[in-house]
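Listed below are the residues making up each chain.
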Amino acid sequence: MGERDIPHITPNRPDARRPRRTVVTVRYEVAEADTATALGSGDVPVLATPRLIAWMEAVTVVCAAPFIGAGQTTVGTAIRIEHRVPTPVGAGVEIDAEPPAAAVGRRLTFAVRAVDSSGTVVAAGEIDRAIVDRDRFLGSIAPSEQER
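Within each chain, residue numbers correspond to sequence positions counted from 1 in written order. Where totals are concerned, whole chains, interfaces and linings use all residues; where local detail is concerned, this predicted model gives features only for residues with pLDDT of at least 70, and gives and counts side-chain atom pairs only at 80 or more. Neither water nor hydrogens contribute to the side-chain values; these are computed over all heavy atoms in the structure.

1. Some words on helix α2 (residues 49-64)
An α-helical turn contains 3.6 residues, so any two residues separated by three or four positions project in the same direction.
Then, number 1: Helix and strand assignments follow DSSP, with helices taken as H or I runs no shorter than four residues and strands as E runs no shorter than two, numbered in order from the N terminus. To estimate how far a helix should extend, the number of its residues minus one is multiplied by 1.5 Å. Helix length check: α2, at 16 residues, gives a terminal C-alpha distance of 22 Å against a target of 22 Å (1.5 Å per residue), a fit within 8%.
Then, number 2: Counting buried residues in α2 gives 12 out of 16 residues, a clear majority hidden from the surface.
Then, number 3: Type-normalised accessible area, obtained with a 1.4 Å probe on protein chains alone, sets the label of each residue: buried when under 20%, exposed when over 50%, and partly exposed for intermediate values. Among the residues of α2, those classed as buried are Arg51, Leu52, Ile53, Ala54, Trp55, Met56, Ala58, Val59, Thr60, Val62, Cys63 and Ala64.
Then, number 4: Any two residues whose heavy atoms approach within 4.5 Å at even a single point are treated as in contact. The secondary structure elements touched by the buried residues of α2 are β1 (24-29), α1 (36-39), β2 (72-83), β3 (92-98), β4 (107-116) and β5 (121-133).

Following this line, the structure appears as structure tokens:
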């Protein structure tokens, strides 16, 4: 993933118990590197589903920031996306992520949607993220896996 794939937003967290519930929208432009052909997920030069999902996940990371505290992060745990319409190279796609009103335990479920420049819904669904302690999560990786 390149720098253009992860938006840089510093969230304002005035009260972690009641995070602001803000829909986050990020715009991407489909490049040759984003196609099914380039990613090996198909043989047509349109936006690849794996790239679309990566963009959606990146937006949920930004959207999750108000829900996490110091030393925490979120990790993706489930994806339920319907990719409905092909998007050609050069087309713009806006990804929206809407956070839940509150975390359910440590789980956050985001409603996500991708809309092309003509207003057509390209994809929609949900992405779940779990709130984890960053150090504990990284410590859970087996030493042999960390060395790879």
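2. Notes on the sheet that holds β5
Then, number 1: Strands are labelled as partners when DSSP assigns at least two bridges between them. Strand order in the open sheet formed by five strands is β1-β3-β4-β5-β2, with antiparallel pairing between adjacent strands. The strands lining the two open edges of the sheet, one partner per strand, are β1 and β2. With direction set aside, neighbouring strand axes in the sheet form an average angle of 25°.
Then, number 2: Of the strand pairs in this sheet, β1 and β3 are connected by six bridges, and their pairing is antiparallel. Paired with Glu29 across the two strands is Gly92, which belongs to β3. Axis lines are fitted through C-alpha atoms, for helices just across the contact stretch, and the angle between N-to-C directions can take any value from 0 to 180 degrees.

3. Points about the nonpolar core
Then, number 1: For our purposes a nonpolar core is just a set of buried Ala, Val, Leu, Ile, Met, Phe, Trp, Tyr and Cys residues, chained together by side-chain atoms within 4.5 Å. Core analysis: the biggest nonpolar cluster contains 26 residues, and Tyr28, Leu52, Met56, Val59, Ile95 and Ala114 have the highest contact counts within it.
Then, number 2: The element contributing the most residues to this core is α2, with eight residues.

4. As for the environment of Ala64
Then, number 1: Mapped onto the secondary structure, Ala64 falls in helix α2.
Then, number 2: Sequence spacing of Ala64 and Pro100 is 36 residues, and the spatial spacing of their C-alpha atoms is 9.4 Å.
Then, number 3: For Ala64, the contacting residues outside a window of four places in its chain are Thr74, Leu108 and Phe110.

5. Thoughts on the packing of aromatic side chains
Then, number 1: Any two rings among Phe, Tyr and Trp, with Trp reduced to its six-membered ring, count as a pair given centres within 6.5 Å; such a pair is stacked if its planes are under 30 degrees apart, edge-to-face if over 60, and tilted if neither. Tallied over the full model, the rule gives one aromatic pair.
Then, number 2: With centroids separated by 4.4 Å and ring planes inclined at 0°, the aromatic side chains of Tyr28 and Trp55 adopt a geometry described as stacked. Here Tyr28 is found in strand β1, whereas its partner Trp55 is found in helix α2, with 27 residues between them in sequence.
Then, number 3: Its relative accessible area of 2% is what places Tyr28 among the buried residues.
Then, number 4: For Trp55, a relative accessible area of 0% translates into the label buried.

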